[in-house]
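Structural description and commentary
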Amino acid sequence: MRTTGTTGSTGITYASAGVDTEAGDRAVELMKASVAATMTPAVVGGVGGFAGMVDVSGLRDYRRPLLATSTDGVGTKVAIAQALGIHDTIGQDLVGMVVDDIVVVGARPLLMTDYIACGRVVPERVADIVRGVAKACAAVGAPLLGGETAEHPGLMAPDEYDVAGAATGVVEADRVLGAERVRAGDALIAMASSGLHSNGYSLVRRVIEHAGWSLDREVPELGRALGAELLEPTRLYTAACLSILERVSPDDGSGEMSVHALSHITGGGLAANLSRVLPAGLIGDVDRSSWTVPPVFDLVRALGQVPWDDLESTLNLGVGMVAVVAPEAAEATMAASREAGIEAWALGTVHDAAGYAPGGRVVAGTKGVDGGAVDIHGQYRA
């Protein structure tokens, strides 16, 4: 494209280079109401500033507040959204992958930010993505305090995009959850996933491609089209986990807690993520027969002839979060999860590794954590 300026000269403009700043402004206008709906009384200022601000003077009431932060993306699940032209659910996946990583230390979210990179700004599409992010932020009580949409012509195809986000939360220092609290005899409580969530989609997409299935194919065992199942948003656990903490381990100032650790089951699967929150010298036993694997996971396995070991090392198989609690708190933990709308069940027990005889596949030392181990044993019910 060639343009003529006011001086009569010809030259290259930002628009001719592929960046439409006016489209970016339109996208901001379309998303403003969604973002504004996430704001809490602690937010200072409005939408459109260079930086978002939140009033943290309330942290003065904490004995020793610690800030917790995490950042993540959605991965290749965005390819499914792009193929279907459905962009208003992927934002919940982003929030779930980020905010539910900080709640595992017991942190309450204070704010979230997002980043969208695209080949071409389509205002309605960007607004759809952000609307999904904002709706999920509102559900977990985290204001969407800032964001960025970047147009990358030449680097990304016009209809390609990727999303990322970061969240910050706060937790009392003497109420941080983690491996140091876990003891032999603790109960492992599973909290159900809503489906595939947002990891392992490179495997899932390869299986679907190999089988030659279209995303609009109706799948009786799923009760809906394949694409709709693959786009099922990641379940949000933050509110349920905070409710469990308040109900099972109320803050009495002593630092003693009945909830000892939480594990968000994302990339690497159940055993790999659970082992990260167990201390060296302890091993958790996970009974595969304690739940029924949802149909979508068995479908992926059967279509691709994926070995069970590979499947459970990649996908959540129906368990999205695990709570490690004192044995006397197991029933109350399950009850609190169910009251929050998330099915929960007894998954197993933590043992001293010395003298424990593993009955299945032992997983330890994942993601650089030199901690405990998990023995995942038995047969899946699918």
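The text that follows walks through the structure, step by step, so that each part is easy to find. (Residues numbered from 1 in each chain as written. Predicted model: local features only at pLDDT ≥ 70, side-chain atom pairs only at ≥ 80, totals over all residues. Heavy atoms only, no water.)

Regarding the overall build of the chain
Per the secondary structure count, the chain includes 11 helices and 17 strands. Counting all 382 residues of the chain, 49% fall into the buried class. Roughly 16800 Å² of accessible area belongs to the chain as shown, and the carbon and sulfur atoms make up 52% of that amount. (Helix = DSSP H or I, 4+ residues; strand = E, 2+ residues; numbered from the N terminus. Buried < 20%, exposed > 50% of the residue type's maximum accessible area, 1.4 Å probe, protein only. Areas by Shrake-Rupley, 256 points an atom, 1.4 Å probe, with all protein chains shown as cover.)

Concerning the layout of surface pockets
Taken as a whole, the second largest pocket encloses approximately 270 Å³ of empty space. What lines the second largest pocket is a set of 13 residues, and nearest its centre among them are G106, R108, R175, L242 and D251. A breakdown of the residues in the lining of the second largest pocket according to their chemical character gives seven nonpolar, one polar and five charged. (1 Å grid on protein atoms, 1.4 Å probe; cavity = no way out; pocket = protein on both sides within 12 Å on 5 of 7 lines; lining within 4 Å. Points joined across faces, edges and corners; volume = space filled by probe spheres on them. Nonpolar A, V, L, I, M, F, W, Y, C, P; charged D, E, K, R; others polar.)

A look at unusual backbone geometry
The phi dihedral of H197 is positive, around 60°, even though this residue is not glycine. Within the element layout of this structure, H197 appears in the loop between β9 (187-192) and α5 (201-211).

Structural notes on helix α3 (residues 90-102)
The element α3 is largely enclosed, with a buried count of 11 among its 13 residues. Turning to α3, its buried residues number three or more, namely I90, G91, D93, L94, V95, G96, M97, V98, V99, D100 and I102.

Considerations on the side chain of T314
Its location among the elements puts T314 in the loop between α10 (308-312) and β14 (319-325). In this structure the side chain of T314 is engaged in a polar contact, spanning 2.8 Å, whose partner is the backbone oxygen of D310. Once residues within four sequence positions are removed from consideration, T314 is found in contact with N199, G200, L203, T266, G268 and G269. (Polar contact = N/O pair within 3.5 Å; in protein donor to acceptor, adjacent residues only side chain to side chain. Contact = heavy atoms within 4.5 Å.)

Re the sheet that holds strand β15 (residues 344-352)
The sheet built from seven strands is open, its strands ordered β12-β14-β9-β15-β13-β17-β16 with mixed pairing. Single-partner strands in this sheet number two, and they are β12 (259-264) and β16 (361-364). For this sheet the average axis-to-axis angle between neighbouring strands, irrespective of direction, equals 25°. As judged from the five bridges shared by strand β13 (residues 282-287) and β15, these two strands associate in the antiparallel manner. Residue pairing across strands places G284 opposite V350, the latter belonging to β15. On top of the sheet, helix α11 (residues 330-339) reaches β9, β14 and β15; it is set at about 145° to β15, its chief contact. (Pairing = 2+ DSSP bridges. Axes fitted to C-alpha atoms, helices over the stretch in contact; angles between N-to-C directions.)

Description of the pattern of salt bridges
On inspection of all chains with the given rule, the structure shows 14 salt bridges. Across the pair D251 and R63 runs a salt bridge whose closest N-O atoms are separated by 3.1 Å. Of the two residues, D251 sits in the loop between α7 (238-248) and β12 while R63 sits in the loop between β4 (53-54) and β5 (65-73), which places them 188 residues apart along the sequence. For E339, the salt bridge goes to R247, with nearest N and O atoms at 2.8 Å. Separated by 92 residues along the polypeptide, E339 in helix α11 and R247 in helix α7 bring together distant segments of the chain. When salt bridges with common partners are traced through the structure, they connect R63, D174 and D251 into a single cluster. (Salt bridge = Lys/Arg side-chain N within 4 Å of Asp/Glu carboxyl O.)

Digging into the packing of α5 against helix α9 (residues 295-304)
One way to put it is that α5 packs onto α9 with a least axis distance of 9 Å and a crossing angle of 50°. With respect to α9, the axis of α5 lies oblique. The chirality of how α5 crosses α9 is left-handed. For the pair α5 and α9, the contacting residues are V204, V207, I208, H210 and A211 in the first and V300, L303 and G304 in the second. (Parallel < 35°, antiparallel > 145°, perpendicular 65-115°, else oblique. Left-handed = near helix turned anticlockwise from the far one by under 90°.)

Details of the packing of α3 against helix α4 (residues 123-140)
Angle between the axes and distance between the axes: these two values describe a pair of packed helices. Relative to each other, α3 and α4 sit at 45°, their axes nearing to 6 Å. One way to sum up the angle between α3 and α4 is to call them oblique. Classified by chirality, the crossing of α4 by α3 is right-handed. Packed against α3, whose contacting residues are I90, G91, Q92, L94, V95 and V99, the element α4 presents I129, G132, V133, A136, C137 and V140 at the interface.

With respect to the pairing of β9
Among the six residues of β9, six are classified as buried, and the element is accordingly described as predominantly covered. Residues of β9 alternate between two faces, with A187, I189 and M191 on one and L188, A190 and A192 on the opposite face, all of them buried. Both β9 and β15 contribute to a ladder of five bridges, which runs antiparallel. Among the inter-strand pairings, I189 is bridged to a residue of β15, identified as A346. Alignment of β9 against β14, held across six bridges, turns out to be antiparallel. Looking across to β14, one finds that M191 is bridged to M321.

Structural notes on the environment of V43
Mapped onto the elements of the fold, V43 is located in strand β3 (residues 43-44). Beyond its immediate stretch of four places on either side in the chain, V43 contacts M53, V54, P143 and L145.

Let's talk about the packing of aromatic side chains
In the structure shown here, the tally under the stated rule is three aromatic pairs. Among the aromatic residues, ring-to-ring pairing joins W291, W308, W345 and Y380 into one connected group. Above the ring of W213, the side-chain terminus of R217 is found at 3.9 Å from the ring centroid. (Phe/Tyr/Trp six-rings, centres within 6.5 Å; stacked < 30°, edge-to-face > 60°. Lys NZ or Arg CZ within 6 Å of the ring centre and 35° of its normal.)

Here's the deal with the sheet that holds strand β8 (residues 161-172)
Read across the open sheet, the four strands follow the order β5-β8-β6-β7; overall the sheet is mixed. One side of each edge strand has no neighbouring strand; the edge strands of this open sheet are β5 and β7 (144-151). With strand direction ignored, the average angle separating the axes of adjacent strands in the sheet is 15°. Here strand β6 (residues 108-118) pairs with β7 via seven bridges, running parallel. Its bridge partner lying in β7, I116 is registered against T149.

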